[in-house]
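# Coordinate inspection notes
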Amino acid sequence: MVGSIEVKSGNNVYSNGSVHNHNGLEEKLDELRQILGKANGDLLRIVCVGAGAWGSVFAALLQDSYGQFRDKVQLRIWRRAGRAVDRATAEHLFEVINSREDVLRRLIRRCAYLKYVEARLGDRTLYADEILKDGFCLNMIDTPLCPLKVVTNLQEAVWDADVVINGLPSTETRDVFMEITKYWKERLTVPIIISLAKGIEAELDPVPHIITPTQMINRATGVPLENILYLGGPNIASEIYNKEYANARICGSEKWRKPLAKFLRQPHFIVWDNSDLVTHEVMGGLKNVYAIGAGMVAALTNESATSKSVYFAHCTSEMIFITYLLTEEPERLAGPLLADTYVTLLKGRNAWYGQMIAKGELSLDMGDSISGKGTIQGVSAVGAFYELLSQSSLNVLHPGENKPVAPVELCPILKTLYKILIKREQGPMAILQALRDENLNDPRDRIEIAQTHAFYRPSLLGQP
């Protein structure tokens, strides 16, 4: 089923209470329609697959900007049906609704308020797809969005889509897009796919290499990589929707990244473009690894600024070391990587997860999909990076011991996180011990090792 949506013209006031200046929006939409060869009367169909925090916000940003042009564009979001909202979340959602006059009035006007009253009283069960139609993302209840057109049938959502936004976790991307492939067998046109996923998988045959979400989509669907792009940046979804200034990069082929960057750009959300698709994807996954450890350190040291700075020095040196293995020009990634890492350490779900694990408020047995937060993608990334960098075929020369070692041997934090999260051989306190380097090695030494040795391994990103 498809949810309804409310748009008011005249004063440019929308159902989420925001006011927009639409100067130039229709021109940008017309320009993208022309590039895609859309005739008059032929809708440009955009669908977001996956309704986590970032996917829902991305869909809502598009709806706020372009939803008024209903004769030119169709905007929808797909999520699975049947996910029940628990009583505690329903109670909190009711508080959020009543704290926002604009949201309250909108729901009353749409005759949708009563069901939230009934859910608050325990007389009714709400479902995630149901509340998303009213602008509430299950992973981000505190930030009401505009109402969205929600589709729960995947075939209906994607079969004729011109642009598909991948808002799924990296761990679900392959399976869902393999299902989508069944619905695209008779397509005459090739869709454009923009992936928002940050995460990686490791493959060891024929040589150790990384698989990113865009590569998963390419393999699953056969859509050429020229038509698959990645968008990411140092941002928090709820803050972007609240119009805090942010920026991101859309990476991929020049044919599509430049017009899409222009189409997506807003006064408070600046979108740059870059040709380096896979490396930016990998960096998006790498920072999630170290964010979990940062959360653990913060919790275990009672938010000690000194301890957190020690951890930051070590984790950034490991990340820089790893970038030297992955790219020939790592200095070009330093700014984006550190910026994305910084915001994730401050307010990201991976750092929050590390804190909750260290405090004992979450257990590893609960898995990496957490109610109200979504998938903690750093957990699978820890396993992938460790597995990849422990391969002997990637050995580098250890300067102190003057013998070849696997790259992971020079990354004590990554090793410790693997023992805590994947092998479960140690508890969270082990992360503090990893910072107490018995050999008194300066974190800068690790960077100098990478800078002065031929570490670059193009095969890690599937390059010859």
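Given the structure is predicted, the values throughout are model-derived calculations rather than measurements. The numbers attached to residues start from 1 for each chain and follow its sequence in the written order. This being a predicted model, a pLDDT of at least 70 is required before a residue's local features are given, and a value of 80 or more before pairs of side-chain atoms are given or counted; all residues contribute to the totals for chains, interfaces and linings. Side-chain metrics in this entry use all non-hydrogen atoms of the structure; hydrogen atoms and water are not considered.

## Digging into the overall build of the protein
In plain terms, the rule: Where helices and strands are cited, they refer to DSSP runs of H or I of at least four residues and of E of at least two residues respectively, numbered from the N terminus. Only the C-alpha atoms count toward the radius of gyration. The rule for a globule is 2.2 Å times the residue count to the power 0.38. Partly exposed describes any residue whose relative accessible area lies between the buried limit of under 20% and the exposed limit of over 50%, with all areas from a 1.4 Å probe on protein chains only and scaled to the type maximum. In these tables, accessible area is a Shrake-Rupley quantity obtained with a 1.4 Å probe, and a residue counts as shielded only by the protein chains included in the view.
Helix and strand content of the protein: 19 helices and 14 strands. Computed over its C-alpha atoms, the radius of gyration of the protein comes to 23 Å, within 12% of the 23 Å expected for a compact globule of 464 residues. Taking the principal axes of the C-alpha coordinates as reference, the protein spans close to 70 × 50 × 40 Å. Per-residue burial for the protein yields a buried fraction of 57% across its 464 residues. Carbon together with sulfur atoms contributes 48% to the accessible area of the protein, which is approximately 19900 Å² in total.

## With respect to the packing of helix α8 (residues 170-183) against helix α9 (residues 213-221)
Rule in force here: For helices, the fitted line uses only the C-alpha atoms of the stretch in contact; every axis is such a line through C-alpha atoms, and the angle between N-to-C directions lies from 0 to 180 degrees. Roughly parallel refers to an angle under 35 degrees, roughly antiparallel to one over 145, roughly perpendicular to one between 65 and 115, and oblique to any angle outside these ranges. Working rule for handedness: look at the near helix, and if it is turned counterclockwise from the far one by less than a right angle, call the crossing left-handed; if clockwise, right-handed. Contacts: residue pairs with any heavy atoms within 4.5 Å of one another. Ten residues, namely Ala, Val, Leu, Ile, Met, Phe, Trp, Tyr, Cys and Pro, are considered nonpolar, four, namely Asp, Glu, Lys and Arg, are considered charged, and the remaining ones, Gly among them, are considered polar.
At a minimum axis separation of 8 Å, α8 and α9 run at an interaxial angle of 20 degrees. With respect to each other, α8 and α9 are oriented roughly parallel. The handedness of the crossing between α8 and α9 is right-handed. Residues S170, T173, R174, F177, M178 and T181 of α8 pack against P213, M216, I217, A220 and T221 of α9. Taken together, the residues that form the contact of α8 with α9 break down as 6 nonpolar, 4 polar and 1 charged.

## Overview of the UniProt feature "domain: Glycerol-3-phosphate dehydrogenase NAD-dependent N-terminal" (unreviewed entry) in the protein
Heads up, the condition is: UniProt positions are given in the numbering used here, feature names are shortened, and annotations may be inferred rather than shown by experiment.
With numbering aligned to this structure, UniProt lists the feature "domain: Glycerol-3-phosphate dehydrogenase NAD-dependent N-terminal" (unreviewed entry) at residues 148-249. Across residues 148-249 one finds 32% helix and 25% strand; the C-alpha atoms that close the span lie 25 Å apart.

## What about the layout of surface pockets?
Threshold: The pocket and cavity definitions rest on a 1 Å grid over protein atoms only: a 1.4 Å probe that fits but cannot leave marks a cavity, an open set with protein on both sides within 12 Å along at least five of seven lines marks a pocket, and residues lining either have an atom within 4 Å of a point. Grid points are joined across faces, edges and corners, and a volume is the space filled by probe spheres set on the points. What counts as a domain boundary in this text is fixed by an automatic or database domain assignment.
The volume enclosed by the largest pocket comes to roughly 1400 Å³. Lining the largest pocket we find 50 residues, and of these A53, N139, R349, K373 and G374 sit closest to its centre. Looking at the lining of the largest pocket, the elements that each hand over two or more residues are α2 (53-66), α3 (87-99), α10 (237-241), α12 (277-300), α14 (334-347), α15 (349-359), β11 (369-370) and β12 (374-375). A per-element tally of the lining of the largest pocket places α14 first, with 4 residues. Here the lining of the largest pocket is built from residues that sort into 17 nonpolar, 22 polar and 11 charged. When residues of the lining of the largest pocket are assigned to domains, at least three fall in each of domain 1 (24-82 + 149-275) and domain 3 (279-461).

## Points about the sheet that holds strand β10 (residues 269-274)
Applied cut-off: Two strands qualify as a pair provided DSSP detects at least 2 bridges between them.
Spatially, 8 strands are ordered β3-β2-β1-β4-β5-β8-β9-β10 in an open sheet, and the strand pairing comes out mixed. The two strands at the open ends of the sheet, each matched to only one other strand, are β3 (150-151) and β10. With 3 bridges connecting them, strand β8 (residues 228-232) and strand β9 (residues 246-251) associate as antiparallel partners. The residue bridging L231 from the neighbouring strand is I250, located in β9. Seen against the sheet, α2 touches β1 (44-49), β2 (73-78), β4 (163-166), β8 and β10 and runs at an angle of roughly 160 degrees to β2.

## Considerations on the domain arrangement of the protein
Put simply, the rule is: Accessible area that two parts lose when put together, with a 1.4 Å probe and added across both, is what the buried area reports. By salt bridge we mean one thing: a side-chain nitrogen of Lys or Arg within 4 Å of a carboxyl oxygen of Asp or Glu. Here a polar contact means two N or O atoms within 3.5 Å. Within protein one must be a hydrogen donor candidate and the other an acceptor candidate, and residues neighboring in sequence count only if both atoms are side-chain atoms.
Per the domain assignment, the segments of the protein are domain 1 (24-82 + 149-275), domain 2 (87-126) and domain 3 (279-461). One C-alpha centre belongs to domain 1, the other to domain 3, and the line joining them spans 29 Å. With 29 residues of domain 1 at the contact, the number on the domain 3 side is 28 residues. Together, the buried faces of domain 1 and domain 3 total about 2300 Å²; carbon and sulfur atoms form 62% of this surface. Among the salt bridges present, the one from K198 reaches D340, with a minimum N-O distance of 3.2 Å. For the pair domain 1 and domain 3, the number of links is 7 residue pairs in polar contact (both at pLDDT 80 or more). Contributions of two or more residues to the side of domain 1 that touches domain 3 are made by α8, β6 (201-203), β7 (209-211), α9 and β9. In terms of residue class, the side of domain 1 that touches domain 3 is made up of 13 nonpolar, 10 polar and 6 charged.

## Topic: the confidence of the model for the protein
For clarity, the cut-off: The pLDDT value tells you how sure the predictor is about a given residue, anywhere from 0 up to 100.
Here the protein averages 90 in pLDDT, and 93% of its residues register 70 or above. Across residues 1-21 the pLDDT falls below 50, and counting only partners more than four positions away or on other chains, this stretch makes 54 contacts in the model.

## Some thoughts on empty space enclosed by the protein
In this structure the tally under the stated criterion is 7 cavities of 30 Å³ or more. By volume, the largest cavity amounts to about 150 Å³. As for the largest cavity, its lining consists of 13 residues, and the residues nearest its centre are G232, G233, H280, P336 and D340. Of all the secondary-structure elements, those providing two or more residues to the lining of the largest cavity are β8, β9, α12 and α14. Within the lining of the largest cavity, the residues separate by chemical class into 7 nonpolar, 4 polar and 2 charged. Taken together, domain 1 (24-82 + 149-275) and domain 3 (279-461) each give at least three residues to the lining of the largest cavity, which thus spans both.

## Considering α15
Taken across its 11 residues, α15 has 8 buried, putting it largely inside the fold. Looking at α15, one finds that the buried residues are N350, A351, Y353, G354, Q355, M356, I357 and A358. Just past α15, the residue G360 takes up positive phi, approximately 80 degrees.

## Section: the state of the cysteines
So the rule is basically this: Cysteine sulfur atoms that pair up within 2.5 Å are treated as a disulfide.
Using the criterion set out here, one finds 0 disulfides in the structure. Free of any disulfide, C111 has its nearest neighbouring cysteine sulfur in C146, separated by 19 Å. Sulfur of C146: no disulfide; nearest cysteine sulfur belongs to C137 and is 12 Å away. We classify C146 as buried; its relative accessible area is 2%.

## Notes on the pattern of salt bridges
Inspection of the entire model under this criterion finds 28 salt bridges. Salt-bridge contacts for K72 lead to E26; the nearest nitrogen and oxygen are separated by 2.7 Å. In this pair, K72 is assigned in the loop between α2 and β2 and E26 in helix α1 (residues 25-35), connecting sequence segments 46 residues apart. Exposure remark for K72: the relative accessible area of 16% places this residue in the buried category. Here E26 falls in the partly exposed class, since its relative accessible area comes to 31%.

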